[in-house]
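Single-letter residue listing:
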Amino acid sequence: MKNLFFILMFISSPFMQNLFFSEYIEGSSNNKAIEIFNPTSQNIDLSDYAYPSTANAPDNPGNYEYWNDFDPGASIDPGSVYVICHGSADEAIQSYCDENHTYLSNGNDVFGLVNAATGEIIDIIGERATEENSPENGTGGWPVAGVDNATLNHTLIRQYSVLTGNSDWASSAGTNQNDSEWIVYENETWEYLGYHSSILSTWEGPVWNVSNNGS
């Protein structure tokens, strides 16, 4: 019992965790959103962070093209989420929105969560684009958990066992349902937006319901 208590204290310590992307919505029209989860026991000031982005096949491969700061005064309470959504998204998405951002992903754009002072990548969605690893011809999306084009016309939800961000998109995306950090849902799945949970909670998490059909 002592060893178990030590392990739980270790993985739940705020010093061992940080913010991470908990949900990604790339839906029809402007129904787009990114959710960020605070797994720690402390309020986190988002002025210390940014969410830069890169479109496919950039002029300077490997570098972010757009630096996106959070709105002034933005923060995330312990165990809560912060939602960035398109200003013209459906009202069901808007109801959870904490700030608007017009240029969210079309399925082939990279978004990072970074330390604003150092540029250190805390978490990332998509490969830092080059001609070689961008989705083909600037269309489509990256595969996730064995689902083709999963970052296009799908909703991605972080596995409840994930406790921290991952700067390596390939390992985060995985190749199948067992090794991916993400659960892939069909287009226009919004019912999980506005909250998230982790392995330390009693939430059982959603169930896989997408086959590898590229839809």
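Refer to the structure presented above.
Just so you know, these numbers come straight off a predicted model, no measurement behind them.

S.K.: Hey, could you run me through the pattern of salt bridges in this one?
M.R.: Close approach of charged atoms lets side chains of opposite charge pair. Taken as a whole, this structure holds three salt bridges when the rule is applied. Glu26 is the salt-bridge partner of Lys32, the closest N and O atoms lying 2.4 Å from each other. The same class applies to Lys32 as to Glu26, namely buried. If you follow the salt bridges from partner to partner, you end up with Asp123, Arg158 and Glu181 in one network.

S.K.: Would you mind going over the sheet that holds strand β11 (residues 154–158) with me for this structure?
M.R.: Within a sheet, each strand pairs with its neighbour through backbone hydrogen bonds, oriented either parallel or antiparallel. In space, the six strands of this open sheet follow the order β8-β7-β2-β1-β11-β12, with mixed pairing throughout. Only two strands of the sheet have a single neighbouring strand rather than two, namely β8 (99–100) and β12 (182–185). Sheet analysis places strand β7 (residues 81–85) next to β8, joined by two bridges and oriented parallel. Across the sheet, the residue bridging to Ile84 is Glu99, located in β8.

S.K.: Got a minute to help me understand the nonpolar core in this structure?
M.R.: In a soluble, globular protein the nonpolar side chains are often hidden away together inside. Judged by nonpolar contacts, the single largest core of 34 residues is most densely connected at Leu19, Phe21, Ile36, Leu46, Phe70, Val144 and Trp169. For this core, the elements supplying multiple residues, two or more each, are β1 (20–26), β2 (32–37), β4 (49–50), β7, β9 (110–115), β10 (121–125), α3 (169–173) and β12. Not counting chain neighbours up to four residues away, the residues in contact with Ile36 comprise Leu19, Phe20, Phe21, Ser22, Phe70, Ile76, Ser80, Val81, Tyr82, Ile84 and Leu113. Of all hydrophobic cores here, the second largest spans 13 residues; its members include Val81, Ala89, Cys97 and Trp190.

S.K.: Help me out: how do you make sense of the state of the cysteines in this one?
M.R.: Where two cysteines share a covalent bond between their sulfur atoms, that bond is called a disulfide. The tally for this structure, following the rule as stated, stands at one disulfide. A sulfur-sulfur distance of 2.3 Å marks the disulfide that ties Cys85 to Cys97. Judged by the sign of its S-S torsion, about -110 degrees, the cystine formed by Cys85 and Cys97 is left-handed. A residue pair is termed long-range when its members are at least 10 positions apart, and Cys85 in strand β7 and Cys97 in the loop between α2 (91–94) and β8 qualify at 12 residues. By the burial criterion, Cys85 is buried, and Cys97 matches it.

S.K.: How should I be thinking about the packing of aromatic side chains in this particular structure?
M.R.: To describe a pair of aromatic rings, one takes the distance between the centres and the angle between the planes. Within this structure, the stated rule accounts for four aromatic pairs. Measuring from centroid to centroid gives 4.9 Å for Tyr51 and Phe70, while their planes differ by 55 degrees, and the two rings are tilted. Placement of Tyr51 in the loop between β4 and β5 (53–54) and of Phe70 in the loop between β5 and β6 (75–76) is noted, with a sequence separation of 19 residues between them. Each of the two residues, Tyr51 as well as Phe70, counts as buried. Ring centres 5.7 Å apart and planes at 80 degrees place the aromatic pair Phe70 and Tyr82 in the edge-to-face group. With Phe70 in the loop between β5 and β6 and Tyr82 in strand β7, this residue pair connects regions lying 12 residues apart in the sequence. Put simply, the rings of Tyr51, Phe70 and Tyr82 pair up and form one aromatic cluster.

S.K.: So what exactly am I meant to see when it comes to the pairing of β1 here?
M.R.: Where a strand is regular, its side chains alternate between the two sheet faces. Of all the seven residues making up β1, seven are buried; the element is thus mostly covered by neighbouring parts of the structure. Across six bridges, β1 lies against β2 in antiparallel orientation. Note that in β2 the partner of Phe21 across the bridge is Ile36. Between β1 and β2, which pair antiparallel one after the other, the connecting turn spans five residues, and Ser29 there sits at a positive phi close to 55 degrees. Where β1 lies against β11, four bridges are found, and the strand directions are antiparallel. If you follow Glu23 over to β11, its bridge partner there is Ile157.

About the criteria used
- Residues numbered from 1 in each chain as written.
- Predicted model: local features only at pLDDT ≥ 70, side-chain atom pairs only at ≥ 80, totals over all residues.
- Heavy atoms only, no water.
- Salt bridge = Lys/Arg side-chain N within 4 Å of Asp/Glu carboxyl O.
- Buried < 20%, exposed > 50% of the residue type's maximum accessible area, 1.4 Å probe, protein only.
- Pairing = 2+ DSSP bridges.
- Helix = DSSP H or I, 4+ residues; strand = E, 2+ residues; numbered from the N terminus.
- Core = buried A, V, L, I, M, F, W, Y, C linked by side-chain atoms within 4.5 Å.
- Contact = heavy atoms within 4.5 Å.
- Disulfide = S-S within 2.5 Å.
- Phe/Tyr/Trp six-rings, centres within 6.5 Å; stacked < 30°, edge-to-face > 60°.

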